Amino acid sequence: MDGKGWNTWGEGVAFGLENGMAVIPYALLKYYRKLNLTGSEAMLLIHLLSFRQVEGIDFPSLEELQAVTGRSISVIAGELQKLMKEGFISIDGDNDELRDIHYERYNFSGLYGKLGAYLAEVSQEHSQEKRSRAESEPGSRAAAHYSGSPAPEGGYGRPAAPGGTETEESRSLFSIFEKEFGRPLSPMECESISGWVDEDRYPEELILLALKESVFAGKVHFRYIDRILLEWARNRVKNAQDVKAYSQKFRSGGR
């Protein structure tokens, strides 16, 4: 593509952006099949959301939906009936007393409720899997952390810090981890770091050393870092000197 072609392409993109953008729940795109929705039903929900956000139309007509989907009115009507019957959407009615008109709009609370319930189920399954892995490994730290019991008195090498220090430390760790990972952290990853700091009482120094170990091993992911911290906790490794001594002992086969 020559320079003129790229300019034309850029102008087309700019025109598209000027016409507005809709915010679509990523969970809908990712899990619509898990909610027993077909691709066309999920797309119909996306169009309904887009009409509201971009066009300002809360209750698009069947003809308007036909224009954007390319499907027949009877098919669209059937899909809307199914979505309402299964509780994904509902129709709210209201009156504008000033203009003496009655209007209707689609209500998406059912869709959001179903997505939220499914995400909660996925999160619960993930927590149970993590708990099962932890309980399968020896060591009081794993049992204490995943059973909900507090860490041993005084934590693992660091006492509880007074007001606000824990939060500031977590934020500092978040920035370092994001820089090392080269991307923003997910909510679950942020929760893992907070758990290491607030619940397990790991010193920041120890967490960063575990991150460094994972980088050297070429396994930069949270599960591996958590295993390193578990191993160090079981062997009473609390600071950089302990890490160095433990590593030397490990390499010499003296464990």
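See above for the structure.
Let me begin by describing the structure that accompanies this report. Keep in mind it's a predicted model, so treat the numbers as computed, not measured. (Residues numbered from 1 in each chain as written. Predicted model: local features only at pLDDT ≥ 70, side-chain atom pairs only at ≥ 80, totals over all residues. Heavy atoms only, no water.)

### Some thoughts on the overall build of the chain
Argument step 1. Counting its secondary structure elements, the chain contains 12 helices and 2 strands.
Argument step 2. Going from N to C terminus, the chain has its helices and strands arranged as α-α-α-α-α-β-β-α-α-α-α-α-α-α.
Argument step 3. In the chain, which comprises 255 residues, the proportion classed as buried is 30%.
Argument step 4. In the chain, the share of contacts with a sequence separation of at least 24, taken over all contacts with a separation of at least 6, comes to 56%.
Argument step 5. A total accessible area of about 15,800 Å² is found for the chain, and carbon and sulfur atoms account for 52% of it. (Helix = DSSP H or I, 4+ residues; strand = E, 2+ residues; numbered from the N terminus. Buried < 20%, exposed > 50% of the residue type's maximum accessible area, 1.4 Å probe, protein only. Contact = heavy atoms within 4.5 Å. Areas by Shrake-Rupley, 256 points an atom, 1.4 Å probe, with all protein chains shown as cover.)

### Thoughts on the pattern of salt bridges
Argument step 1. For the structure shown, the criterion picks out 5 salt bridges.
Argument step 2. For arginine 71, the salt bridge goes to glutamate 79, with nearest N and O atoms at 2.7 Å.
Argument step 3. The exposure class assigned to glutamate 79 is buried, which follows from its relative accessible area of 9%.
Argument step 4. Taking the shortest distance from any N to any O, the salt bridge between arginine 183 and glutamate 189 comes out at 2.7 Å. (Salt bridge = Lys/Arg side-chain N within 4 Å of Asp/Glu carboxyl O.)

### Some remarks on the nonpolar core
Argument step 1. If you look at the biggest cluster of nonpolar residues, it comprises 24 residues, and the most contacted ones within it are Leu28, Leu37, Leu80 and Ile89.
Argument step 2. Counting residues per element, the ones that place at least two in this core are helix H2 (26–31), helix H3 (39–55), helix H5 (73–85) and helix H6 (109–135).
Argument step 3. Per-element tally for this core: the top contributor is H3, with 7 residues.
Argument step 4. Discounting residues that sit within four places of it in the chain, leucine 28 has contacts with Leu37, Leu45, Ile46, Leu111 and Leu115.
Argument step 5. With 23 residues, the next largest nonpolar core counts Leu209, Ala210, Leu229 and Val243 among its residues. (Core = buried A, V, L, I, M, F, W, Y, C linked by side-chain atoms within 4.5 Å.)

### Observations concerning the packing of H3 against H5
Argument step 1. Where H3 meets H5, the axes come as close as 10 Å, and the angle between the chain directions of the two elements is 85°. Here H5 runs roughly perpendicular to H3, going by the angle between their axes. Packed against H3, whose contacting residues are Ser40, Glu41, Leu44, Leu45 and Leu48, the element H5 presents Ile76, Glu79, Leu80, Lys82 and Leu83 at the interface.
Argument step 2. Of the residues that constitute the contact of H3 with H5, the class distribution is 6 nonpolar, 1 polar and 3 charged. (Axes fitted to C-alpha atoms, helices over the stretch in contact; angles between N-to-C directions. Parallel < 35°, antiparallel > 145°, perpendicular 65-115°, else oblique. Nonpolar A, V, L, I, M, F, W, Y, C, P; charged D, E, K, R; others polar.)

### Regarding the packing of aromatic side chains
Argument step 1. On inspection of all chains with the given rule, the structure shows 7 aromatic pairs.
Argument step 2. When the ring of phenylalanine 59 is compared with that of tyrosine 106, the centres are 4.7 Å apart and the planes differ by 25°; the resulting orientation is stacked. With phenylalanine 59 in the loop between H3 and helix H4 (62–69) and tyrosine 106 in strand S2 (residues 101–107), this pair connects stretches of sequence that are 47 residues apart.
Argument step 3. A relative accessible area of 30% places phenylalanine 59 in the partly exposed class.
Argument step 4. Between phenylalanine 177 and tryptophan 196, the aromatic rings sit 6.1 Å apart at their centres with planes inclined by 45°, giving tilted as the arrangement. (Phe/Tyr/Trp six-rings, centres within 6.5 Å; stacked < 30°, edge-to-face > 60°.)

### Brief notes about helix H11 (residues 222–234)
Side chains that are three or four residues apart share a direction in an α-helix, a result of its 3.6 residues per turn.
Argument step 1. With 13 residues, H11 extends 18 Å between its outermost C-alpha atoms, agreeing within 8% with the 18 Å of an ideal straight helix rising 1.5 Å per residue.
Argument step 2. Those residues of H11 that sit buried are Phe222, Ile225, Asp226, Ile228, Leu229, Leu230, Glu231, Trp232 and Ala233.
Argument step 3. Of the residues trailing H11, arginine 236 is marked for its positive phi of about 55°. (Expected span 1.5 Å × (residues − 1).)

### Observations concerning the packing of helix H10 (residues 204–217) against H11
Argument step 1. Relative to each other, H10 and H11 sit at 125°, their axes nearing to 9 Å. Comparing their axes, H11 and H10 come out oblique. At the point where H10 passes H11, the crossing takes the right-handed sense. Every residue of H11 that contacts H10 at Leu206, Ile207, Leu209, Ala210, Leu211, Glu213, Ser214 and Ala217 is listed here: Tyr224, Ile225, Ile228, Leu229 and Trp232. (Left-handed = near helix turned anticlockwise from the far one by under 90°.)

### Topic: a nonpolar patch on the surface
Argument step 1. On the surface, Phe59, Met84 and Ile91 cluster together into a nonpolar patch covering about 210 Å² of accessible area.
Argument step 2. Considering the arrangement of structural elements, one finds isoleucine 91 in strand S1 (residues 90–96).
Argument step 3. Taking the relative accessible area as the measure of exposure, isoleucine 91 reaches 34% and is therefore partly exposed. (Patch = residues over 30% accessible without salt bridge, like charges linked within 9 Å, V, L, I, M, F, W, Y side chains within 5 Å.)

### Considerations on unusual backbone geometry
Argument step 1. You will see that asparagine 36, though not glycine, has its phi angle at about 65°, which is positive.
Argument step 2. Here asparagine 36 shows up in the loop between H2 and H3.
Argument step 3. Taking the relative accessible area as the measure of exposure, asparagine 36 reaches 59% and is therefore exposed.
Argument step 4. Positive phi is not limited to glycine here, since arginine 236 has a value of about 55°.
Argument step 5. Among the secondary structure elements, arginine 236 is positioned in the loop between H11 and helix H12 (240–251).
Argument step 6. Exposure remark for arginine 236: the relative accessible area of 66% places this residue in the exposed category.

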